[in-house]
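So the chains spell out like this:
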Amino acid sequence: CNDSQSSLSVNCLDRHVHTAPNKVALIWEKDEPGKEVRVTYRELLELTCRLGNTLKRQGVKRGDRVTIYMPPCPLAVASMLACARIGAVHTVVFAGFSSEALADRIRDGKRLLQTDRGGKVIELKQTVDQAVRACPLVKRVLVSMRTEQKVPMSELHEMMKEDVCCEPAVMESEDLLFLLYTSGSTGKPKGLVHSQAGYLLYTAITHKYVFDYHDGDIFGCVADIGWITGHSYVVYGPLCNGGTTVLFESTPVYPNPVERLRINQFYGAPTAIRLLLRYGDEWVKRYDRSSLKTLGSVGEPINTEAWEWYFNVVGDARCPVVDTWWQTETGGICISPRPSSPGDEILPGMAMRPFFGISPALLDDKGNILTQNNVSGALCISQAWPGMARTIYNDHKRFLETYLMPYPGFFFTGDGAYRTSQGYYQLTGRLDDVINVSGHRLGTAELEDIVHRAVAESAVIGFPHEIKGEGAYVFIVLKKGTDVSQERLSNELKELVSKKIHGGSPFPTRLPKTRSGKIMRRVLKKIVEDKADELGDLTTLDDHEAVEEIIEGHKRLL
Ligand code: 6R9
C-alpha cells in the first residue's frame, strides 16, 4: 500500500488476528435470551474470507453494490466486511423495512446482488422476493438460514466450502465503502456515500475517546446494523480498535444482558431509557451493573428526567453519561462530553463539546455567524472532517443543495442548537421537515406521499410523545364526494403507512407470556384500560418487548 491506500478489512480483522487470534470480536445476543454466541477474530476473518470468495464466485467485482438485508448477526457483519475485503460497496437495509422500501434502495444503483436470511417470526425472504420482482437488475440473491423453518428458496449457496483465504483488495482512501439511506425533508431517501480511510479513522477514534474504550472492555451498542449507529459503533469503530462488540438481535428493554455479558460501555437511544424508566427502579436494580463504566445516548434529545435516571439508577451515579450528537451524514460522533478527559464537567441533557477536529458554528436566518454565547441558531460545521459523507449516490447536486448551499461555506446539519453561556452545545431539534420517532428519521414528505384513493391532500407534523420523543400527526383532506367511515379510513391509512415504511403488521407478533408459557391476561387487560403504567409485578414475564409492542399498538388505535 502507498500513503493513500489501505484495506479496511485488514485493519478490522487481520491486524488483530496476528496479535490475539482467540480474542472475542463479536458476542451475538440472540433473540432467545441467554443463548449468546461468541465469535473470535480468527473465526470472523475466516467467515469474512469465505463470504468474500463466495461473492467473487457469484461475479461481484470491485465497485459493485451489494444489498444486505439481515438482522444483526455474525453473518451480517461478515457480509459487510467481505464487501470491504473485495472492494464492493455495501448497502445494509434495516430488516424491518418493507419490500417497497427495500426495492427503492436497490433500484437506486445499477449492478448488484442481495444477501438475506430466512425469517423466524418475520418472513424476510418473502419481502425480498417481492422487492426483487420490482428490480430486474438484481443478479443474485444469497440466503442464509437463521432458523429451521422452511423458506421458499431461489438460491442457497454452500458457502462453507469456500477457501478461508481471500486476498484483501487494496483500496484508495476515497473509494466508496458503503451507501446508507436516510430520510430527507423532500423526495425519496438519500443514499449517503461513505468512503474508506477517513470513515474508519473517525469511527475508531471517536469510539475510543468518547466512550473511554480500553482493551478488554465489552462494548454494547444496541443499534441495529441497518442504521448508521450500528455501522459505526457496532461494527467498524469497535473492530478497528480490536474490541469486543455485542450484536443485539433485538432491542433489549431489560438490563439482564449487562449482568450476563459484563458489558462495560452501554450505548442506546433515549426511547429505550424512557421505556425502562416506566418499569421502575427495582427492575433495573435487581441486576448487577457493576461492570458498567460509560453510558451513552444517541439518536434524539434526551430529556433531563431520562438523563438523571440513566445516570443515577442505571449507572449508580458513577458512570459518565455521554449524550452523543451526530448523523448518518457525519459518519461518527461530532458533539459529546468526553469521559476520557477526566475532570471535564458533564451536564444533563446536553451533547456539550465538539469532538477533536469538529468546528461547530451557529448561524441565523440571514446566514450571519453568531459568535457570542447564550444564542440559538442553525447548527453548521465550518471545516471538513474525516468521517463526513462525500456525496449522495447518483445525486451530487442534491448533496450540494441540501448540505452545502443553504449556508455557503458551511456544512448545514439540518438541526438547530443552543450555545449556553458556558459555551456548551444543546440540540434543539430539526429545522427541516424531518421528524424523529424513537431515534429514527422520518421525512414528512415520505408520509405525505402515501397515496390513498380517498385522500386529496395531507400534511404531516411531529408532536411531542412521552416515550418515542416525537410522534407523527397526519392532517387529511378527503376528495369531494368520498363516503368512507373515519374508522375504516384511519385503519386503511395506518396499514398503508406500516406497509410502505416499516413493513410491520398492525397486529402484535407475540403475546406477553410467563417463562412457563402462560399468557399474562392481566397485563393485556391493564393495557386496554389505558393503565400501562400500572402493570404490577412483571418478574415472571418472559419478554418485555412483547408488552412494549402491544402498548404501542394500542396507542396507535387511540
Ligand atoms: C446517529 C443518528 C440524525 C438526527 C440528527 C438529530 C438527531 C441524533 C442526537 C440527536 C439530539 C442527540 N439526533 N443524536 N438529537 N441529541 N444526541 O441518529 O443518525 O439516524 O442520521 O439521525 O438525529 O436531529 O440530525 P441519524
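Looking up the chain in an unreviewed UniProt entry gives the name Acetyl-coenzyme A synthetase, with the organism given as Terrapene triunguis. Reading the Sequence similarities (unreviewed entry) entry of the UniProt record for the chain gives the comment "Belongs to the ATP-dependent AMP-binding enzyme family." The UniProt entry for the chain carries the following comment under Catalytic activity (unreviewed entry): "acetate + ATP + CoA = acetyl-CoA + AMP + diphosphate".

A. Structural view of the overall build of the chain. What the chain contains, in helices and strands, is 16 helices and 25 strands. Sequence-distant contacts, at least 24 apart, represent 72% of the contacts inside the chain between residues at least 6 apart. With the model as given, the accessible surface of the chain reaches about 24100 Å², and the carbon-plus-sulfur share is 53%.

B. Broad picture of the site of the ligand. Looking at the ligand, there are 17 residues lining it, with Asp323, Thr328, Asp415, Arg430 and Arg441 nearest. For the ligand, an oxygen atom lies 2.4 Å from a polar atom in the side chain of aspartate 415. Between the ligand and asparagine 436 there is a distance of 3.4 Å, counted from an oxygen atom to a side-chain nitrogen or oxygen. If the ligand stood free it would expose 540 Å²; the protein chains cover 95% of that surface. Elements supplying a minimum of two residues to the shell around the ligand: helix H7 (228-240), strand S15 (321-324) and strand S21 (425-430). Taken together, the residues of the shell around the ligand sort by class into 6 nonpolar, 6 polar and 5 charged.

C. Quick look at the sheet that holds strand S17 (residues 369-370). An order of S17-S16-S18-S20-S21 is seen for the 5 strands of this open sheet, with the pairing classed as antiparallel. The sheet is open, and its two edges are formed by S17 and S21, each paired on a single side. Across 5 bridges, the pairing between strand S20 (residues 411-419) and S21 is antiparallel. Looking at S21, one finds that tyrosine 418 is bridged to glutamine 426.

D. Up close: the sheet that holds strand S3 (residues 37-40). Taking strand neighbours across the sheet as the criterion, the 7 strands line up as S3-S2-S12-S11-S13-S14-S15 in an open arrangement whose pairing is mixed. With partners counted over all chains shown, the strands left at the sheet margins are S3 and S15, one partner each. The average angle at which neighbouring strand axes cross in this sheet is 20°, direction not considered. Alignment of strand S2 (residues 24-29) against strand S12 (residues 244-248), held across 4 bridges, turns out to be parallel. When the sheet's bridge partners are listed, tryptophan 28 is paired in S12 with leucine 247. In the packing of helix H3 (residues 74-86) onto the sheet, the strands contacted are S2, S3 and S12, and the crossing angle to S2 comes to about 135°. Taken strand by strand, H7 contacts S2, strand S11 (218-221), S12, strand S13 (265-268) and strand S14 (294-298), and its axis lies near 155° from that of S12.

E. Inspection of the packing of aromatic side chains at higher detail. For the structure shown, the criterion picks out 19 aromatic pairs. Ring plane angle 75° and centroid distance 5.0 Å describe the contact between phenylalanine 211 and phenylalanine 219, whose orientation is recorded as edge-to-face. Look at phenylalanine 211 and you get buried, because its relative accessible area is 0%. Ring pairing ties together the aromatic residues Phe211, Tyr213, Phe219, Tyr233, Tyr267 and Trp326, which thus form one cluster. Here lysine 208 stacks its cationic end above the ring of tyrosine 209, 5.3 Å away from the centre of that ring.

F. Region of interest: the nonpolar core. Core analysis: the biggest nonpolar cluster contains 83 residues, and Cys12, Leu44, Tyr236, Leu239 and Tyr267 have the highest contact counts within it. Top contributing element to this core by residue count: H3, with 10 residues. Contacts of leucine 239, omitting those with residues within four sequence positions, involve Asn11, Cys12, His16, Ala25, Leu26, Tyr41, Leu44, Val77, Leu81 and Thr245. If you look at the next biggest cluster of nonpolar residues, it comprises 25 residues, including Val222, Phe248, Ile263 and Val313.

G. Up close: the pattern of salt bridges. Counted by the stated rule, this structure contains 16 salt bridges. A salt bridge links glutamate 492 to arginine 488, with the shortest nitrogen-to-oxygen separation between them at 2.9 Å. Taken as a pair, glutamate 492 and arginine 488 lie in helix H14 (residues 486-502) at a separation of 4 residues, close to a single helical turn. A relative accessible area of 22% means that glutamate 492 is categorised as partly exposed. Residue classification places arginine 488 among the partly exposed residues on the basis of a relative accessible area of 49%. Salt bridges linked by common partners bring Glu29, Glu36, Arg38 and Arg260 together as one network.

H. Region of the structure containing the state of the cysteines. Summed over the entire model, instances satisfying the criterion amount to 0 disulfides. Free cysteine cysteine 49: the closest other cysteine sulfur is in cysteine 166, separated by 5.2 Å. A residue is classified by how much of its surface remains accessible, and cysteine 166, at 4% relative accessible area, is buried.

I. Focus on the environment of alanine 204. Counting through the fold element by element, alanine 204 comes out in helix H6 (residues 196-210). Take alanine 204: its relative accessible area is 8%, and that puts it in the buried class. Counting along the chain gives 159 residues from alanine 204 to leucine 363, while the straight-line C-alpha distance between them is 30 Å.

J. Layout of unusual backbone geometry. With phi around 55°, alanine 317 is a residue other than glycine that occupies positive phi space. Mapped onto the fold, alanine 317 is located in the loop between helix H11 (304-314) and S15. In the Ramachandran plot, asparagine 374 falls in the positive-phi region, its phi being about 60° despite a non-glycine side chain. Relative to the helices and strands, asparagine 374 is located in the loop between S17 and strand S18 (375-381). For asparagine 374, a relative accessible area of 48% gives the class partly exposed.

K. Just a negative patch on the surface, in detail. On the surface, a cluster of negative charge is made up of Glu305, Glu466, Asp533 and Glu534. Along the chain, glutamate 305 falls in helix H11. Residue glutamate 305 is classed as exposed on the basis of its relative accessible area, which comes to 54%.

Conventions and cut-offs
Residues numbered from 1 in each chain as written. Predicted model: local features only at pLDDT ≥ 70, side-chain atom pairs only at ≥ 80, totals over all residues. Heavy atoms only, no water. UniProt positions renumbered as here; feature names shortened; annotations may be inferred. Helix = DSSP H or I, 4+ residues; strand = E, 2+ residues; numbered from the N terminus. Contact = heavy atoms within 4.5 Å. Areas by Shrake-Rupley, 256 points an atom, 1.4 Å probe, with all protein chains shown as cover. Near = heavy atom within 4 Å. Polar contact = N/O pair within 3.5 Å; in protein donor to acceptor, adjacent residues only side chain to side chain. Nonpolar A, V, L, I, M, F, W, Y, C, P; charged D, E, K, R; others polar. Pairing = 2+ DSSP bridges. Axes fitted to C-alpha atoms, helices over the stretch in contact; angles between N-to-C directions. Phe/Tyr/Trp six-rings, centres within 6.5 Å; stacked < 30°, edge-to-face > 60°. Buried < 20%, exposed > 50% of the residue type's maximum accessible area, 1.4 Å probe, protein only. Lys NZ or Arg CZ within 6 Å of the ring centre and 35° of its normal. Core = buried A, V, L, I, M, F, W, Y, C linked by side-chain atoms within 4.5 Å. Salt bridge = Lys/Arg side-chain N within 4 Å of Asp/Glu carboxyl O. Disulfide = S-S within 2.5 Å. Patch = residues over 30% accessible without salt bridge, like charges linked within 9 Å, V, L, I, M, F, W, Y side chains within 5 Å. Lys, Arg positive; Asp, Glu negative; His and termini not counted. Charge placed at Lys NZ, Arg CZ, Asp CG, Glu CD.

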